[in-house]
Amino acid sequence: MRVLVVEDFKTLRESIAQALREQTYVVDEAGDGRLALWHLQSGHIDVVILDLMMPGVDGFQVLKAMERMKARPAVLILTARDTVDDRVKGLDAGADDYLTKPFALEEMLARVRALTRRRYKVTTSRIDIGTLQIDLNARRVFRAGVEIELSAREYAILEYLAMRQGEVVSRGEIWEHVHCNDALPESNVVDVFVSLLRKKIDAESPERLIHTRRGQGYMLGPGV
C-alpha cells in the first residue's frame with residue numbers, strides 16, 4: 001500500500017515515514033501542500049496523512065483540490081489543532097479520520113490500516129480466500145492453518161492482491177503500490193516476486209490461488 005505523508009516539520013515527517021516503511025508501506029513525503037498536490041497527480045496513493053497548518057498551500061487547500069480527483073485517497077488529518085470546531089471543519093472538508101498531536105505511532109499505524117481496509121471495502125482485519133488466511137494487523141499469512149513465512153515485499157504484494165481479490169491487477173499497479181526505490185517500473189521485479197510468492201502460497205496445495213492473466217497481470221482468488 002502507498003501512503004503520502006504531508007508534514008512541514010521534517011523530524012516528525014521522517015519519523016512517521018520510517019514507521020510506515022517498517023510496516024512494508026511505500027511512502028512518499030511532502031513538506032508542503034504544493035509538493036503534496038504534485039504527488040497526488042500520480043493517482044496511486046492509498047492514504048494521505050495530512051497536516052493542516054502549513055505555510056503556503058495548507059491542508060485545507062489540499063483537501064479542496066482532492067475533491068476533483070476520480071480515485072480519491074483516504075485522508076488522515078494530523079494536527080495540533082484539537083478543538084471540536086477544528087475537527088468538524090477538517091472532517092467536513094473531506095477528511096476520513098482525525099488524529100491530534102502528540103500521538104502514539106501505534107495508534108497512527110492502526111488508523112492507517114483501518115483507512116486502507118475501508119478504501120478497498122474490506123470490512124475485517126482478516127481476509128480469507130479459500131484455505132488462505134491473511135491477518136492484516138499482525139501481517140501473518142496461513143495456508144490450511146500452517147503459517148507461511150514471507151519477505152516484506154512478498155507480503156506487500158500478497159496484501160495488495162488480496163485487497164483486490166477477484167480483479168486482474170496489472171504489473172504497473174503492483175509496482176506503484178509496493179515498489180522499492182532501487183527497481184525500475186519496466187524491470188521484471190514484479191514477476192520475480194510474484195513467482196517467489198506463488199511457490200510459497202500454492203506449492204503445497206492442490207488449489208491454485210495466484211493466477212496469471214497473460215498480457216494483463218495477476219489475479220488472486222480460488223478457481224478464477
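Here, the structure is the one placed above.
These lines cover the structure that appears in this document, whether it is placed above or below.

The rules behind each value
Residues numbered from 1 in each chain as written. Predicted model: local features only at pLDDT ≥ 70, side-chain atom pairs only at ≥ 80, totals over all residues. Heavy atoms only, no water. Core = buried A, V, L, I, M, F, W, Y, C linked by side-chain atoms within 4.5 Å. Buried < 20%, exposed > 50% of the residue type's maximum accessible area, 1.4 Å probe, protein only. Helix = DSSP H or I, 4+ residues; strand = E, 2+ residues; numbered from the N terminus. Contact = heavy atoms within 4.5 Å. Axes fitted to C-alpha atoms, helices over the stretch in contact; angles between N-to-C directions. Parallel < 35°, antiparallel > 145°, perpendicular 65-115°, else oblique. Left-handed = near helix turned anticlockwise from the far one by under 90°. Nonpolar A, V, L, I, M, F, W, Y, C, P; charged D, E, K, R; others polar. Pairing = 2+ DSSP bridges. Salt bridge = Lys/Arg side-chain N within 4 Å of Asp/Glu carboxyl O. Right-handed = clockwise from strand over helix to strand, strands pointing away.

1. Description of the nonpolar core
- Core analysis: the biggest nonpolar cluster contains 51 residues, and L20, I49 and M108 have the highest contact counts within it.
- Ranked by the residues each element gives to this core, the list is headed by helix α6 (residues 152-163), at eight residues.
- In contact with M108, other than residues within four places in its own chain, are I16, L20, I49, L76, L99 and F103.
- Membership of the second largest hydrophobic core comes to 19 residues, among which are L40, I45, V48 and V62.

2. Things to note about the packing of helix α2 (residues 33-40) against helix α3 (residues 59-66)
- Between α2 and α3, whose axes approach to 9 Å, the crossing angle comes to 25 degrees. Between α2 and α3, the crossing angle belongs to the class labelled roughly parallel. Of the two elements, α2 crosses α3, and the hand of that crossing is right-handed. Of the residues in α3, those touching α2 at G33, L37 and L40 are V62, A65 and M66.
- Class assignment of the residues belonging to the contact of α2 with α3 gives a composition of five nonpolar, one polar and no charged.

3. Digging into the sheet that holds strand β3 (residues 47-51)
- In spatial order, the strands read β2-β1-β3-β4-β5; together these five strands make up an open sheet with parallel pairing. This sheet does not close on itself; its edge strands, each paired only once, are β2 (26-30) and β5 (97-100). When strand polarity is set aside, the average angle formed by the axes of neighbouring strands in this sheet is 20 degrees.
- The sheet contact formed by strand β4 (residues 74-79) and β5 spans four bridges and is parallel. Each bridged residue has a counterpart across the sheet, and for L76 the counterpart in β5 is D97.
- Here helix α1 (residues 10-22) sits on the sheet and contacts β1 (2-6), β2, β3 and β4; the angle it forms with β2, its principal contact strand, is near 170 degrees.
- Across the sheet, α2 is in contact with β1, β2 and β3; its angle to β2 comes to roughly 145 degrees.

4. Considerations on the pattern of salt bridges
- Scanning the model with the defined rule gives 20 salt bridges in all.
- Among the ionic pairs, R2 bridges to E176, the shortest N-O distance being 2.9 Å. A residue pair is termed long-range when its members are at least 10 positions apart, and R2 in strand β1 and E176 in helix α7 (residues 171-178) qualify at 174 residues.
- We note a salt bridge from R171 to D191, for which the minimum N-O separation is 2.6 Å. Of this pair, R171 sits in helix α7 while D191 is found in helix α8 (residues 189-202), placing the two residues 20 residues apart along the sequence.
- Given a relative accessible area of 29%, R171 falls into the partly exposed group.
- Owing to a relative accessible area of 26%, D191 belongs among the partly exposed residues under this scheme.
- It is possible to trace a salt-bridge network through shared partners that takes in R2, D28 and E176.

5. What to know about the pairing of β3
- Buried residues dominate β3, accounting for five of its five residues.
- Both β1 and β3 contribute to a ladder of four bridges, which runs parallel. In the sheet register, V5 faces β3, and the bridge partner there is I49.
- With five bridges joining them, β3 and β4 adopt parallel strand pairing. Within β4, the residue paired with V47 across the bridge is A74.
- Handedness of the β-α-β unit built from β3, α3 and β4 comes out right-handed.

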